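Here is what each chain is made of, one letter per residue.
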2 protein chains.
Amino acid sequence: MMSGHPVAAQDGDMAEIDDAQLIERANDLFDPIPTEPPELDGNKVTPERVQLGRMLFFDPRLSASHAISCNSCHQMGLGGDDNQPTSIGHGWQRGPRNAPTVFNAVFNTAQFWDGRAEDLEQQAKGPVQAGVEMANTPARAVKTLKSMPGYVEAFGAAFPEEEDPVTFDNMAKALEAFQATLLTPNSPFDRYLKGETDALTAKQKQGLQEFMSTGCVGCHNGVNIGGQGYYPFGLIEKPGADVLPRDDRGRFQVTKTASDEYVFRAAPLRNIAITQPYFHSGKVWSLENAVALMGVSQLGQELSEDEIDRIVAFLQSVTGEQPRVEYPVLPESTSETPLPVEYEQEPSKR
Amino acid sequence: MMSGHPVAAQDGDMAEIDDAQLIERANDLFDPIPTEPPELDGNKVTPERVQLGRMLFFDPRLSASHAISCNSCHQMGLGGDDNQPTSIGHGWQRGPRNAPTVFNAVFNTAQFWDGRAEDLEQQAKGPVQAGVEMANTPARAVKTLKSMPGYVEAFGAAFPEEEDPVTFDNMAKALEAFQATLLTPNSPFDRYLKGETDALTAKQKQGLQEFMSTGCVGCHNGVNIGGQGYYPFGLIEKPGADVLPRDDRGRFQVTKTASDEYVFRAAPLRNIAITQPYFHSGKVWSLENAVALMGVSQLGQELSEDEIDRIVAFLQSVTGEQPRVEYPVLPESTSETPLPVEYEQEPSKR
């Protein structure tokens with residue numbers, strides 16, 4: 001039987017599990033999510049930057065239409081993504097890839113499915129400009145921000161040593177600082193890693209064992225259970241074109257290197273149970289199906305229903321405490337604020 | 001000179017104003033926004049209902065696309081509306097009228113520009129179903145809510161005496177309860193009403209006097225400075241078709257009564273300075289222009305630039321403390337949750 005929910009521990013199997021040993025092995029491969037943001041390269045997570053970043057994150061006036069904010073596709077209430085196959089952007093256009101969660105994203109070694117941004121500061125500049133997302137320009141975004149005394153003051157407080165603090169780069173820095181605070185600590189799995197032996201059910205412990213022994217952990221390890229390296233999607237067997245569309249060649253599009261064809265960053269699996277649908281194409285809605293597909297495509301294994309069930313139970317244990325975010329009161333527009341831009345369909349697409 | 005910002009009190013004019021008298025007159029016509037929600041007809045503002053309503057308000061899964069929530073058009077950070085001429089809904093369709101603010105909306109005698117919903121409970125059912133807004137059906141919304149244990153529990157807590165609490169009606173009741181808490185008290189004007197004589201600048205006091213003496217107060221009075229009665233837009237002189245499109249006949253569409261042609265509910269003016277653009281058509285971005293247009297169309301008066309400037313200064317004093325809302329962590333979807341629906345353009349519009 002496949003189940004989407006954790007089931008009670010199967011007491012009969014409890015004897016099989018040596019918690020001390022399992023916790024030790026797991027601690028070699030994983031780390032718990034910290035409760036405090038990490039230090040950032042070239043950026044300081046000050047309260048003023050976080051506060052400014054929170055305002056920017058929720059401000060739809062960073063988009064050409066004034067209708068789309070970061071939170072539109074990375075919703076604070078839905079695990080940090082939008083639970084869409086691919087996101088809806090400017091003019092109701094669909095983006096090419098599934099929106100990844102922003103929660104714990106600061107721990108990924110690179111951002112985007114193809115790793116084309118080295119960190120969240122670089123990443124933040126992408127969607128604001130992407131034609132199918134927020135469709136704005138850096139110049140217009142900066143003009144918008146400079147038009148509002150509330151933002152001028154907030155940038156001044158966040159970057160107190162700069163003469164002209166309202167810049168596109170500083171916008172990205174503030175967004176990075178805010179996102180560095182979006183952590184989901186204290187998942188059952190993390191509590192288990194820290195020695196709380198009854199934080200996981202017996203089934204989840206078995207799932208954890210199998211997650212390590214079948215080889216999932218080869219790509220999905222570290223603090224984010226993934227998000228660290230690049231691997232071909234379809235290492236053993238290429239999935240169908242519905243899940244792996246042949247025109248999206250993944251990291252090849254960044255490196256132009258033949259060996260990077262259909263290579264993607266291993267998905268970070270933190271909060272995976274609440275961030276469906278799965279894979280860069282967003283075509284698989286069930287975590288059971290996603291695990292089964294990974295078994296075949298990456299490990300060359302037809303996992304049994306019971307194995308899938310237990311691995312899914314483990315994956316449900318990596319959902320942490322969701323961040324509590326107060327909705328920011330945004331600065332008032334002024335007569336200098338650029339007006340929203342109407343979506344104009346390209347003539348060729350009419 | 002026209003200005004969009006409050007200016008310092010003009011000390012030379014201070015002598016002209018008898019605060020005690022002005023406060024007394026103003027208290028005959030207006031009431032301050034209370035800090036606590038009012039009692040509702042047939043609904044109880046319990047913490048459980050407010051909490052459920054807050055979840056529903058932010059949940060995009062109430063829309064067919066799973067991309068639009070109440071907050072998309074009534075944003076907590078933008079004065080309770082979207083600062084758009086008319087809102088962008090399902091499939092990037094534009095709604096027919098400007099989205100009104102939800103802040104203090106509980107004090108309006110009826111909801112929508114044409115008053116077609118008697119209260120926020122009735123109102124809440126509209127946008128969820130409107131084809132150009134959330135484009136959902138009551139049956140699908142209820143199926144969606146029932147698919148998530150988190151919602152079943154929250155509805156049970158909010159409606160503890162009901163056997164089958166997850167209903168479309170109760171969804172609307174919870175949304176009404178949450179919105180009843182979205183109040184903006186303690187504006188400078190309200191503090192003045194309560195006797196704090198230096199809460200308004202001299203210019204704002206003059207603006208208040210003129211707001212009353214020129215006749216604005218005839219339609220814009222009470223706790224919401226409007227939102228109470230129905231009046232023809234263009235009582236004296238019909239505005240141009242850009243501001244008053246001739247195919248939107250206002251309350252006539254509700255009552256089918258000839259005298260209701262181009263009749264609208266007088267806009268509530270609370271927080272008006274931060275909820276541009278103005279009028280049901282959303283075509284006027286500047287508050288100065290809106291006041292000038294009202295003078296001509298409703299009062300038959302060409303207001304001077306100084307008069308407009310002072311009335312605008314007064315209107316800027318009715319922006320209250322914005323509600324502080326914590327973003328809710330939403331219940332997880334399950335395999336029973338209906339998937340998002342793709343927008344299908346009507347063949348005739350392709």
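Reading the values: rules and limits
- Residues numbered from 1 in each chain as written.
- Chains lettered and ligands numbered in written order.
- Predicted model: local features only at pLDDT ≥ 70, side-chain atom pairs only at ≥ 80, totals over all residues.
- Heavy atoms only, no water.
- UniProt positions renumbered as here; feature names shortened; annotations may be inferred.
- Phe/Tyr/Trp six-rings, centres within 6.5 Å; stacked < 30°, edge-to-face > 60°.
- Helix = DSSP H or I, 4+ residues; strand = E, 2+ residues; numbered from the N terminus.
- pLDDT = per-residue confidence, 0-100.
- Contact = heavy atoms within 4.5 Å.
- Least-squares fit on C-alpha atoms with pLDDT ≥ 70 in both.
- Buried area = accessible area lost by both parts, 1.4 Å probe.
- Salt bridge = Lys/Arg side-chain N within 4 Å of Asp/Glu carboxyl O.
- Polar contact = N/O pair within 3.5 Å; in protein donor to acceptor, adjacent residues only side chain to side chain.
- Nonpolar A, V, L, I, M, F, W, Y, C, P; charged D, E, K, R; others polar.

An unreviewed UniProt entry lists chain A under the name Cytochrome C peroxidase, from Rhodovibrio salinarum. Under Subcellular location (unreviewed entry), UniProt gives the following word-for-word description of chain A: "Periplasm".

Before we go on, may I ask you to explain the packing of aromatic side chains in this structure?
The description of an aromatic ring pair uses the distance of the two centres, along with the angle that the planes make with each other. All told, the structure shown has 27 aromatic pairs over all chains when counted by the stated rule. Taking the centre distance of 5.1 Å and the plane angle of 35° together, the rings of Phe233 of chain A and Phe279 of chain A count as tilted. Of this pair, Phe233 of chain A sits in the loop between β1 (230-232) and α11 (252-255) while Phe279 of chain A sits in the loop between β2 (263-265) and α12 (287-299), placing them 46 residues apart in sequence. Their ring planes at 70° and their centres at 5.8 Å tell us that Phe57 of chain B and Phe58 of chain B sit as a pair that is edge-to-face.

Where do I start with the confidence of the model for chain A in this structure?
The predicted structure's coordinates, where accompanied by low pLDDT, should not be read in detail. Residue and element names in this part refer to chain A. When pLDDT is averaged along chain A, the result is 93, and 94% of the positions lie at 70 or above. Ignoring residues within four places in sequence, the model shows residues 1-14, a span with pLDDT below 50, making 25 contacts including any to other chains. Taken together, the chains of this predicted complex give a pTM of 0.93 and an interface ipTM of 0.93.

Got a minute to help me understand the relation of the copies chain B and chain A in this structure?
Think of it as a corkscrew move, a rotation about one axis and a shift along it, taking one chain copy to the other. Laying chain B over chain A is done by rotating through 180° and shifting 0.0 Å along the axis; what remains is an RMSD of 0.0 Å. Taken together, these values place the two copies in the relation of a two-fold axis. Of every C-alpha in chain B, the one belonging to Glu326 of chain B sits nearest the axis of rotation, 2.1 Å from it. When the interface residues of chain B are mapped onto chain A, 100% of them again lie at the interface, so the same face is used by both copies.

Mind showing me how you'd approach the interface of chain B and chain A here?
Often the size quoted for an interface is simply the accessible area lost on bringing the parts together. Each partner contributes to the interface: chain B provides 42 residues, whereas chain A provides 42 residues. Taking both partners together, chain B and chain A bury about 3,300 Å²; carbon and sulfur atoms supply 60% of that area. A per-residue breakdown of the area chain B buries against chain A is headed by Trp92, Tyr327 and Val329 of chain B, which together make up 22% of the total. Counting across the chain B and chain A interface gives 4 salt bridges. Ionic pairing is found between Arg94 of chain B and Glu342 of chain A, a salt bridge with its closest N-O pair at 3.2 Å. Applying the counting rule to chain B against chain A returns 14 residue pairs in polar contact (both at pLDDT 80 or more). Residue composition of the side of chain B that touches chain A, grouped by class: 20 nonpolar, 15 polar and 7 charged.

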